[in-house]
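Listed below are the residues making up each chain.
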Amino acid sequence: MFKNTLLVSLFALTLGGCVGLNTVSMTQVPAERENIISTNSSSWNFVGINFSNAFVDEAIEKLKSQCPTGKIEGVYTKHQTTGYVLVFKREVIVSAYCNEV
Amino acid sequence: MPIKLKSIFGLTFLFIGGCSQLHHVHIGEMDQSQGQLTPFTIKVNELGFDVAKAAEIGSEVAKSASTSEDLELVAFILAISNFGPKTGNPVYNDAYADQVLSEVIKVCPSKKITGLTSVREATNVGPVSGEVVRINGYCINSI
Amino acid sequence: MKKLFFLLTFLTMIMLSACTSSVHMSQVDVGSNSQIELGNSTVIAIEKAQKNVLGFVYNTDYVDKAYDDLLQQCPNGTVMVNVEYLTNHGFLSWTDKIRIKAICK
């Protein structure tokens, strides 16, 4: 009974997904902040083995597409990793402000 | 191989190593249209020391088996007492990089700064290292 | 042998009283046309932390809270910003901290 309880608890914990922050960065915050744009992109891997970091470029392209004619300012970037036992999700979360020049 | 020779080889590699490690870099915008640029560098550093690794090395080079076991136990206790993510070797002062902003503000007489690059790096010699935060930039000297 | 063991235990107790830290990154960014503001600069400081036991945390909201604080304290934007991310290590647990220093417009 105890063994089953322990197994179920462990399984529940693994579904939760523990997250760790890798890096955070920001550029200057502008005065005009009405128009917030944000995006995130991620990449899954098994036991930390990756063959590409192209998901970062995907985040940039998605951000650019939300502000095609304006100036993107106040870029706030988080790079974090969420672990689910043997499977990991690397994520880049970006938010910024789109101001028309 | 006798333990003494192993120790000598190990220590030699340690000191020849002196590895330079880059952990993070952030490159900022650069404006070259407002005048001549004069480069500056601000560096803050702190001694990084991995006590658990040092105890492990001690257990490897120890002459007697019981001393080796004791040091292994010490290494284990130290490792679980200083748990968590590490960039480079751990330091005993977490405020060594707190003054970089005020230093950057003071460095340019013209108060015009551009092209900031922030580098987090380290120079490692085994369990000891110099943990460095370096900020490079340019002062704009108005035309 | 007993003497050595007690000496090592004693050293361990001393070491345990001074836990270590690790500064992961420190980034400084400056805006253009910042001359006037840098001349009369007041630096604001924000610090947020998250306690983490054995890695069991499920979000990084403390970073977003620090950023929201920055937006509140600098309603007209910033001229210069320094973001520092570090960890204070402990016994089977650690505290992640984010420190933001900025000069407001």
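Rules behind the numbers
As a convention, each chain's residues are numbered from 1 in the sequence order in which they are written. Chains carry letters from A onward and ligands carry numbers from 1 onward, assigned in written order. A pLDDT threshold of at least 70 governs which residues receive local features in this predicted model, and a stricter bar of 80 or more applies before side-chain atom pairs are shown or counted, although totals over entire chains, interfaces and linings include all residues. Runs of E in the DSSP output that reach at least two residues are strands. Runs of H or I that reach at least four are helices, and both are numbered from the N terminus. Each residue is classified by how many other C-beta atoms fall within 10 Å of its C-beta atom, where C-beta atoms are placed from the backbone; a count of 20 or more means buried, 12 or fewer means exposed, and values in between mean partly exposed. Two residues form a contact once the distance between their C-beta atoms, set from the backbone, is within 7 Å. Here the term charged refers only to Asp, Glu, Lys and Arg, the term nonpolar to Ala, Val, Leu, Ile, Met, Phe, Trp, Tyr, Cys and Pro, and the term polar to all other amino acids, Gly among them. Here a strand pair is declared whenever DSSP counts at least two bridges between the two strands. Lines fitted to the C-alpha atoms define the axes, with helices restricted to the stretch that makes contact. Angles between their N-to-C directions range from 0 to 180 degrees. The predictor's confidence in any single residue is recorded as pLDDT, a number from 0 to 100. Nonpolar cores are identified as sets of buried Ala, Val, Leu, Ile, Met, Phe, Trp, Tyr and Cys residues joined via C-beta atoms within 7 Å. The arc refers to the directions leading from the helix axis to the C-beta atoms. In this scheme, roughly parallel covers angles under 35 degrees and roughly antiparallel covers those over 145, while 65 to 115 is roughly perpendicular and the rest are oblique. Each helix crossing is assigned a hand: it is left-handed if the near helix lies turned anticlockwise from the far helix by less than a right angle, otherwise right-handed if that turn is clockwise.

### Observations regarding the overall build of chain C
Then step 1. A tally of helices and strands in chain C yields three helices and four strands.
Then step 2. Traced from its N-terminal end to its C-terminal end, chain C shows the element sequence α-β-α-β-α-β-β.
Then step 3. Residue burial in chain C is summarised as follows: out of 105 residues, 38% are buried.
Then step 4. Excluding contacts between residues fewer than 6 apart, the proportion of contacts in chain C whose partners are at least 24 apart in sequence is 77%.

### Quick look at the interface of chain C and chain B
Then step 1. Each partner contributes residues to the interface: chain C has 40 residues there, and chain B has 40 residues.
Then step 2. For the side of chain C that touches chain B, the secondary-structure elements that each account for two or more residues are α1 (2-16), β1 (21-30), α2 (35-39), β3 (78-89) and β4 (93-104) of chain C.

### Focus on the interface of chain C and chain A
Then step 1. Contact residues are listed per partner, giving 25 residues for chain C and 17 residues for chain A.
Then step 2. Counting only elements with at least two residues in the side of chain C that touches chain A, the list comes to β1, α3 (61-73), β3 and β4 of chain C.
Then step 3. Per-element tally for the side of chain C that touches chain A: the top contributor is β3 of chain C, with five residues.
Then step 4. Residues that form the side of chain C that touches chain A fall into these classes: 14 nonpolar, eight polar and three charged.

### Here's the deal with the sheet that holds strand β1 (residues 19-27) of chain B
Residues and elements named next belong to chain B.
Then step 1. Sheet architecture is open: four strands sit in the order β1-β3-β4-β2, paired in antiparallel fashion. Pairing within the sheet leaves two strands with one partner each, and these edge strands are β1 and β2 (35-49). Strand-to-strand twist in this sheet, taken as the mean axis angle between neighbours without regard to direction, amounts to 20°.
Then step 2. Bridging between β2 and strand β4 (residues 128-142) involves 15 bridges; their strand directions are antiparallel. Counterpart to Phe-49 in the pairing with β4 is Val-128.
Then step 3. Against the sheet, helix α4 (residues 100-107) touches β2, β3 (113-125) and β4, its axis set at about 155° to β2.

### Points about the confidence of the model for chain C
All names here are of chain C.
Then step 1. Averaged over chain C, the pLDDT score is 86; the fraction of residues at 70 or greater is 78%.
Then step 2. The least confident element of chain C, judged by mean pLDDT, is α2 at 64; the most confident is α3 at 96.
Then step 3. Our summary of model confidence lists the complex with pTM equal to 0.84 and ipTM equal to 0.81.

### Re the nonpolar core
Then step 1. In terms of nonpolar packing, the biggest core is built from 42 residues, with Val-100 and Val-104 of chain B together with Met-80, Tyr-85 and Ile-100 of chain C touching the most fellow members.
Then step 2. A per-element tally of this core places β3 of chain C first, with six residues.
Then step 3. Look past the residues within four positions of Tyr-85 of chain C in its chain and what remains in contact with it is Leu-21, Thr-23 and Val-24 of chain A together with His-24, Met-25 and Ile-98 of chain C.
Then step 4. Residues Ala-52, Ala-55, Val-74 and Ala-75 of chain B belong to the second largest nonpolar core, which totals seven residues.

### Describing α4 of chain B
Then step 1. Among the residues of α4 of chain B, Val-100, Leu-101, Val-104 and Ile-105 of chain B are the ones counted as buried. Buried residues of α4 of chain B fall within an arc of 140° about the axis and therefore sit on the same side.

### Points about the environment of Val-23 of chain C
Then step 1. As for its position among the elements, Val-23 of chain C is in strand β1.
Then step 2. Given 29 C-beta atoms within a 10 Å radius, Val-23 of chain C is considered buried.
Then step 3. Separated by 61 residues in sequence, Val-23 of chain C and Glu-84 of chain C have C-alpha atoms that sit 7.5 Å apart.
Then step 4. Filtering out sequence-adjacent residues up to four positions away, Val-23 of chain C remains in contact with Asp-94, Ala-97, Glu-131 and Val-133 of chain B together with Glu-84 and Leu-86 of chain C.

### Remarks on the sheet that holds strand β1 (residues 18-26) of chain A
All names here are of chain A.
Then step 1. Sheet architecture is open: four strands sit in the order β1-β3-β4-β2, paired in antiparallel fashion. Taken across any chain shown, the strands that pair with only one partner, and hence form the sheet edges, are β1 and β2 (36-46). Each strand of the sheet is rotated relative to its neighbour by a mean of 15°, with strand direction disregarded.
Then step 2. Where β2 and strand β4 (residues 87-99) come together, 11 bridges link them in antiparallel fashion. Its bridge partner lying in β4, Ser-43 is registered against Arg-90.
Then step 3. Packed on one face of the sheet, helix α2 (residues 54-65) meets β2, β3 (71-84) and β4 and runs near 160° to β2.

### Observations concerning the packing of helix α2 (residues 51-61) of chain B against helix α3 (residues 65-81) of chain B
Residues and elements named next belong to chain B.
Then step 1. α3 packs onto α2 with a crossing angle of 165° between their chain directions and a minimal axis gap of 8 Å. Accordingly, the angle class assigned to the pair α2 and α3 is roughly antiparallel. Note on packing geometry: the crossing formed by α2 with α3 is left-handed. Contact residues: α2 offers Val-51, Ala-52, Ala-55, Glu-56, Gly-58 and Ser-59, while α3 offers Ser-68, Leu-71, Glu-72, Val-74, Ala-75, Leu-78 and Ala-79.
Then step 2. Here the contact of α2 with α3 is built from residues that sort into eight nonpolar, three polar and two charged.

### Structural notes on unusual backbone geometry
Then step 1. Of note, Lys-111 of chain B is a non-glycine position whose phi angle comes to about 60°, a positive value.
Then step 2. Secondary-structure assignment places Lys-111 of chain B in the loop between α4 and β3.
Then step 3. Phi angles above zero are rare outside glycine, and Leu-92 of chain C is one such case at about 55°.
Then step 4. The exposure class assigned to Leu-92 of chain C is exposed, which follows from the 12 C-beta atoms found within 10 Å.

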